Amino acid sequence: MHHLFSYGTLQLKKVQLENYGRILNGKKDVLYGYRIEDLLITDEIVLKKSEKNIHPVAVKTNHPNDFIEGIIFEITETELAATDQYEVSDYKRVLETFASGNQAWIYVARNNIS
């Protein structure tokens, strides 16, 4: 199993059902040293699933006052691969440690876009 932190559209039930065929269970958590920015999405498959053309993207700042709230979900290897397909090339997957002390994958800006 893998742990995946979601701060955006992966929390939407419609996106979960279309990506994984099920609703995910998770626990709230916080990641410090990041902030959220907006990212314009043009991928037609992602647009159809999320019904949103602006998605949040996590940008690493290393500032302790910056933080992102979200949910850590437990997913399978197959579901992680499906998430890699859903997240467009503007994102990259990294492993981070959260306020709870738990580690989870998070999709962040491939290039800090500030």
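In what follows, the structure referred to is the one given above.
What you see is a predicted model, and the numbers here were worked out from it, not measured in a lab.

Participant: Would you mind showing me how to read the overall build of the protein chain here?
Facilitator: Counting its secondary structure elements, the protein chain contains three helices and seven strands. The order of helices and strands in the protein chain, counted from the N terminus, is β-α-β-β-α-β-β-α-β-β. The globule rule puts the C-alpha radius of gyration for 114 residues at 13 Å, and the 13 Å found for the protein chain is close to it. In terms of overall dimensions, the protein chain has C-alpha extents of about 35 × 30 × 20 Å along its principal axes. Across the 114 residues in the protein chain, those meeting the buried criterion constitute 43%. A separation threshold of at least 6 residues defines the contact pool for the protein chain, and within that pool the share at least 24 residues apart is 71%. Carbon and sulfur atoms provide 48% of the accessible area of the protein chain, an area that totals close to 6600 Å². On the protein chain, the mean spot of the 13 positive side-chain charges and the mean spot of the 16 negative ones are 3 Å from each other.

Participant: So what exactly am I meant to see when it comes to the pairing of strand 5 (residues 67–75) here?
Facilitator: In regular strands, side chains alternate between the two faces of the sheet. The pairing of strand 1 (residues 2–6) with strand 5 spans five bridges and is classified as antiparallel. Residue pairing across strands places L4 opposite F73, the latter belonging to strand 5. Relative to strand 5, strand 2 (residues 26–32) is paired through seven bridges, and the arrangement is antiparallel. Pairing of K28 across the sheet is with I71, part of strand 5.

Calculation notes
- All residue numbers here refer to positions counted from 1 along the written sequence of the relevant chain.
- Local features in a predicted model are, by the rule used here, given only for residues with pLDDT of at least 70; side-chain atom pairs are given and counted only at 80 or more, and totals for whole chains, interfaces and linings are based on all residues.
- Hydrogens and water are ignored here; the side-chain numbers use all heavy atoms of the structure.
- Where helices and strands are cited, they refer to DSSP runs of H or I of at least four residues and of E of at least two residues respectively, numbered from the N terminus.
- The atom set for the radius of gyration is the C-alpha atoms, and the globule formula is 2.2 Å times the number of residues raised to the power 0.38.
- Only protein chains enter the area calculation, which uses a 1.4 Å probe; residues under 20% of their type maximum are buried, those over 50% are exposed, and those in between are partly exposed.
- Contacts are assigned to residue pairs with any non-hydrogen atoms lying within 4.5 Å of each other.
- Exposure was quantified through the Shrake-Rupley algorithm and a 1.4 Å probe, taking into account, for residues, occlusion by the shown protein chains and nothing else.
- A residue counts as positive if it is Lys or Arg and as negative if it is Asp or Glu; His and the chain ends are not included.
- The atoms used to mark charge sites are NZ of Lys, CZ of Arg, CG of Asp and CD of Glu.
- Two strands pair under a simple rule: DSSP has to find at least two bridges between them.

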